[in-house]
Structure formats: C-alpha cells, structure tokens
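Spelled out, the chains give:
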Amino acid sequence: MGFFKKLKDENLEDARDKLVEMLQEYAAFKGCSIYVVFDAHLVPGSVEKHERVGKINVVYTKEGETADCFIERTVPQLVKMGAVAVVTSDYLEQRITLQMGGIRITPKEFLLEIQNIKTTIKERAKLPFKEQKSTLEDFIDKDILEKLEKMRRNL
C-alpha cells in the first residue's frame with residue numbers, strides 16, 4: 001500500500017480515485033458491495049456525504065467524525081444484513097470490528113487478495129472462450145440461488 005501513500009502525498013484526490021477504481025474491480029469479481037470511508041473530520045463545515053460509484057459506497061465523514069467513528073457506528077447495522085469485513089491496520093479498530101461481529105482484514109492481506117484476483121482474471125482471459133466455465137451460479141446472487149434451489153426441491 002506504499003503506492004497509495006506516495007500518491008496521496010502527491011495528490012490526495014488521485015489516490016482516492018485510484019483506490020475506488022481498484023475496489024470496483026475487486027467488488028465486480030467478488031460480487032460484493034464495498035464501503036470506502038474517507039476522513040473529512042478536520043474539514044471545517046463538512047457534512048457526511050455518500051456517493052455511489054458502481055458497487056462502491058464512498059463516504060466522506062462529517063466535521064468532527066473520523067472514519068473509525070463512522071465504521072463503529074455503521075458495522076453493527078451492516079452485520080445484521082450479512083458478513084462484513086473491515087480493512088484497517090488500526091489494531092483497536094480490528095478488535096472493535098471483531099467484537100461487533102465483523103471480520104478484520106489487514107491492508108497487507110487485502111492487497112494480497114487483490115493481487116491474487118488480478119492473476120486469476122489474467123489466467124481466465126488467456127483461456128479460449130469454450131474452456132471458460134460459466135454457470136448460472138456465477139451470475140446470480142447467493143440468496144436468489146438458494147431460493148431457486150428451495151423452489152426446485154419443493155416441486
């Protein structure tokens with residue numbers, strides 16, 4: 001993640017855009033929704049702002065609220081809807097996430113996961129189209145797939 005630190009030092013907006021772009025590719029491959037939370041707690045007069053970029057929910061915190069505070073406030077609500085993973089290097093935030101029922105992922109672990117996904121995508125792209133296995137399961141949400149399977153078994 002040193003790349004982002006260097007880019008952030010040069011141009012914060014470019015670093016944010018690059019992170020969101022990288023997360024979009026990850027979300028598309030994994031079929032999940034992602035929240036990326038940026039601190040705006042030191043910006044005078046800032047209000048909480050939400051943007052949707054593909055499957056990415058981009059949040060800018062309000063003045064006086066850190067990203068950690070937003071995460072602590074939001075994770076319990078999201079856990080009720082399903083699995084939640086928080087990517088952070090902050091040990092205290094990792095512990096709080098675990099206590100709230102979430103999963104913690106370090107930035108290093110997340111970067112390795114992203115690199116593995118990129119490798120998988122490249123390998124799949126090399127296969128002839130006939131050899132690329134695509135099933136209905138690859139394109140349908142897990143919940144819908146389970147409902148269809150229940151319907152099939154009841155017939």
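Residues numbered from 1 in each chain as written. Predicted model: local features only at pLDDT ≥ 70, side-chain atom pairs only at ≥ 80, totals over all residues. Heavy atoms only, no water.

K.L.:
Would you take a moment to explain the overall build of the protein chain for this structure?
P.N.:
A count of helical and extended segments in the protein chain gives six helices and five strands. Going from the N terminus to the C terminus, the protein chain shows its helices and strands as α-α-β-β-β-α-β-α-β-α-α. For the protein chain, the proportion of its 155 residues judged to be buried stands at 25%. Taking as baseline every contact in the protein chain between residues at least 6 positions apart, the subset at least 24 positions apart corresponds to 30%. Accessible area for the protein chain stands at about 11,400 Å²; split by element, carbon and sulfur atoms hold 55% of it. (Helix = DSSP H or I, 4+ residues; strand = E, 2+ residues; numbered from the N terminus. Buried < 20%, exposed > 50% of the residue type's maximum accessible area, 1.4 Å probe, protein only. Contact = heavy atoms within 4.5 Å. Areas by Shrake-Rupley, 256 points an atom, 1.4 Å probe, with all protein chains shown as cover.)

K.L.:
Explanation requested: the environment of His41 in the structure shown.
P.N.:
Within the secondary structure layout, His41 lies in the loop between strand 1 (34–38) and strand 2 (49–53). Counting along the chain gives 23 residues from His41 to Gly64, while the straight-line C-alpha distance between them is 4.4 Å. If we ignore the near neighbours within four places in the chain, the residues touching His41 are Thr61, Lys62, Glu63, Gly64, Glu65 and Thr66.

K.L.:
When you look at the side chain of Thr61 in this model, what are you seeing that I'm missing?
P.N.:
Relative to the helices and strands, Thr61 is located in the loop between strand 3 (56–60) and helix 3 (67–79). Given a relative accessible area of 0%, Thr61 falls into the buried group. A polar atom in the side chain of Thr61 sits 2.8 Å from the backbone nitrogen of Ala40. Of note is the side chain of Thr61, whose polar atom sits 2.7 Å from the backbone oxygen of Glu65. Sequence-distant contacts of Thr61, defined by excluding residues within four places in its chain, comprise Val37, Phe38, Asp39, Ala40, His41, Ser46, Val47, Glu48, Thr66, Ala67 and Phe70. (Polar contact = N/O pair within 3.5 Å; in protein donor to acceptor, adjacent residues only side chain to side chain.)

K.L.:
Hey, could you run me through the packing of aromatic side chains in this one?
P.N.:
For any pair of aromatic rings, geometry is given as the distance between the ring centres together with the angle between the planes. Tallying each qualifying case throughout the model produces two aromatic pairs. Across from the ring centre of Phe38, 5.1 Å away, lies the NZ or CZ of Arg16, which sits over that ring. (Phe/Tyr/Trp six-rings, centres within 6.5 Å; stacked < 30°, edge-to-face > 60°. Lys NZ or Arg CZ within 6 Å of the ring centre and 35° of its normal.)

K.L.:
Can you walk me through a nonpolar patch on the surface in this structure?
P.N.:
A contiguous nonpolar patch, built from Ile144, Leu148 and Met151 and spanning about 290 Å² of accessible area, is present on the exposed surface. Position of Leu148 relative to the elements: it lies in helix 6 (residues 142–154). (Patch = residues over 30% accessible without salt bridge, like charges linked within 9 Å, V, L, I, M, F, W, Y side chains within 5 Å. Salt bridge = Lys/Arg side-chain N within 4 Å of Asp/Glu carboxyl O.)

K.L.:
Would you explain the pattern of salt bridges in this entry?
P.N.:
Pairing between side chains of opposite charge can happen when their charged atoms approach one another. Across all of its chains, the model carries eight salt bridges by this definition. Arg73 is the salt-bridge partner of Glu48, the closest N and O atoms lying 2.6 Å from each other. Here Glu48, found in the loop between strand 1 and strand 2, pairs with Arg73, found in helix 3; they are 25 residues apart in sequence, far enough to count as distant. Residue class for Glu48 comes out partly exposed when judged on its relative accessible area of 27%. A relative accessible area of 38% means that Arg73 is categorised as partly exposed.

K.L.:
Which parts of the structure should I look at to understand the packing of helix 2 (residues 12–30) against helix 5 (residues 107–126)?
P.N.:
Working note: a packed helix pair is described by the angle between its axes plus the distance between those axes. Orientation of helix 2 relative to helix 5, taken along the N-to-C sense of each, is 65 degrees, at an axis distance of 11 Å. You can see that helix 2 and helix 5 cross each other, and the crossing is left-handed. Together, Met22, Leu23, Glu25, Tyr26, Phe29 and Lys30 of helix 2 and Phe110, Glu113, Ile114, Ile117, Lys118, Thr120, Ile121 and Arg124 of helix 5 make up the contact between the two elements. When the residues that make up the contact of helix 2 with helix 5 are grouped by side-chain class, the tally is eight nonpolar, one polar and five charged. (Axes fitted to C-alpha atoms, helices over the stretch in contact; angles between N-to-C directions. Left-handed = near helix turned anticlockwise from the far one by under 90°. Nonpolar A, V, L, I, M, F, W, Y, C, P; charged D, E, K, R; others polar.)

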